[in-house]
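Spelled out, the chains give:
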Amino acid sequence: RRFWEEGRGLSGRGRASGSMATAAARGGARGVVKRLADVIPQSVLQDMKVLSKRKQKGVSLKYMMDFGQNPVSRQLLLSAQFLHEELPTRLAHRVMELEGLPFGLSFKPQVLKVRDWYVESFKELREMPPVQTLEDEEKFTTLLGKIKQRHDFVVPMVALGVASLKQEMHFSKSWYELPDIHSFLDRFYMSRIGIRMLIGQHLSLHDPPRPEKIGLIDTVMSPYSIVHEAIEDARHICFRQYGDAPEIALFGSEDLQCAYVPDHLHHMIFELVKNSLRAVSDRYMDADVDAPPIKIVIAEGNEDITIKVSDEGGGIARSGLPKIWTYLYSTASSPLTQLTEDDIQNAPAVLAGYGYGLPLCRLYARYFGGELQVISMEGYGTDAYLHLSKLGTSEEPLP
């Protein structure tokens, strides 16, 4: 069953086709690999090294909201000036890290491709003169749109490189004993969430104004309605794959509102609900009794809004719980090994079910000061607690 391999990701919908990976995508290309010093001018490399040691400046949800409240010309200019200075620093940090990954991951063709995307974006930003007029800001905004598009497939492309490494190391070492790889992926993907949030926020300040929206942030977002929409989307896929879907009971106030990024919340809830639907459907597939409903509760506290997703899908063994936060851990055989780079770029693969769903969800939760926890009772079921910070004052947790 491929139900858990599908869904709506933040960058769109789609399934990847299953043609076999090319030899280049499978193995390391050490023979033809060029280090950064071989592919960019010395001056650019030096500039990058200097910026990679500079501290990144984190911003909070509250700051983004206060700043984008009335996007008049001056604020658009200030936003562009901040990004003109900040984005090269963030990109430089990531390029330098991509250069020095353990176990030969830096030499994987897909990782080299991502490195080159980051280098290209870095060069374009550094070549653009300082933003001083509204005309400059327009040119800069056009460049940001181009950069955002270039980086659309970073997550699956890095995942291909990592999957190739995992395949090579299959017999030598347990995947869960490689904390260096997992902590790198956490840092890399958290940084990417931040870069895309800042770029997306600036681009959307140019959209026609809507009273309740500040860029990507909905100031009066209804968690109930976003959760309800994510439930419908997940059940739709479950119906398509299993021919049926367990019932889902949703409890909580429909009037509750908070400021948040709706796409982020949809992505996280969709992933959690999809996992529960799959677990319950598998457990009760041949049972004589009806599958018990999945229960979702939305509760408001002083600091957090917490959303609990509870299922009776049999749970996870206690020894297996730490593994759910490692990348490429999946109970399904990973389809990534059958994908090529062209597959990914022609139909963006949603990484849920490729062992990326939960780790990425936790990063999205933590980005705005929240958290995701999973508690399981083996033989019964699993509870996932998603905490959203109401205060919006915590800065991005920049790696």
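Up top you'll find the structure we're talking about.
All figures in this text were calculated on a predicted structure; none of them were measured in a lab. (Residues numbered from 1 in each chain as written. Predicted model: local features only at pLDDT ≥ 70, side-chain atom pairs only at ≥ 80, totals over all residues. Heavy atoms only, no water.)

**Digging into the overall build of the chain**
And step 1. Along the backbone of the chain there are 13 helices and 10 strands.
And step 2. Across the 399 residues of the chain, 55% fall into the buried class.
And step 3. When the accessible surface of the chain is split by element, carbon and sulfur atoms take 51% of a total near 18000 Å². (Helix = DSSP H or I, 4+ residues; strand = E, 2+ residues; numbered from the N terminus. Buried < 20%, exposed > 50% of the residue type's maximum accessible area, 1.4 Å probe, protein only. Areas by Shrake-Rupley, 256 points an atom, 1.4 Å probe, with all protein chains shown as cover.)

**Description of the packing of aromatic side chains**
Aromatic ring pairs are defined here through the distance separating the ring centres and the angle between the ring planes.
And step 1. Per the stated rule, a full pass over the model turns up 6 aromatic pairs.
And step 2. Between tyrosine 260 and phenylalanine 368, the aromatic rings sit 5.8 Å apart at their centres with planes inclined by 70°, giving edge-to-face as the arrangement. Placement of tyrosine 260 in strand S6 (residues 258-260) and of phenylalanine 368 in the loop between helix H13 (357-367) and strand S9 (371-377) is noted, with a sequence separation of 108 residues between them.
And step 3. On the accessibility criterion, tyrosine 260 (1% relative accessible area) is buried.
And step 4. Since its relative accessible area comes to 2%, phenylalanine 368 is described here as buried.
And step 5. Centroid distance tyrosine 367 to phenylalanine 368: 4.7 Å. Interplanar angle 65°. Geometry classified as edge-to-face. (Phe/Tyr/Trp six-rings, centres within 6.5 Å; stacked < 30°, edge-to-face > 60°.)

**As for the pattern of salt bridges**
And step 1. Counting across every chain of the model gives 20 salt bridges.
And step 2. Note that lysine 57 and glutamate 85 form a salt bridge whose closest N and O atoms lie 3.0 Å from each other. Of this pair, lysine 57 sits in the loop between helix H3 (42-52) and helix H4 (61-68) while glutamate 85 sits in helix H5 (residues 73-99), and the two are 28 residues apart along the sequence.
And step 3. Given the relative accessible area of 43%, lysine 57 is considered partly exposed.
And step 4. The exposure class of glutamate 85 is partly exposed, given its relative accessible area of 40%.
And step 5. Note that glutamate 124 is salt-bridged to lysine 146, the shortest N-O span being 3.1 Å. In this pair, glutamate 124 is assigned in helix H6 (residues 109-127) and lysine 146 in helix H7 (residues 134-150), connecting sequence segments 22 residues apart.
And step 6. One network of salt bridges, in which partners are shared, links Arg35, Glu99, Arg115 and Asp116. (Salt bridge = Lys/Arg side-chain N within 4 Å of Asp/Glu carboxyl O.)

Coordinates in, geometry out; function isn't part of it.
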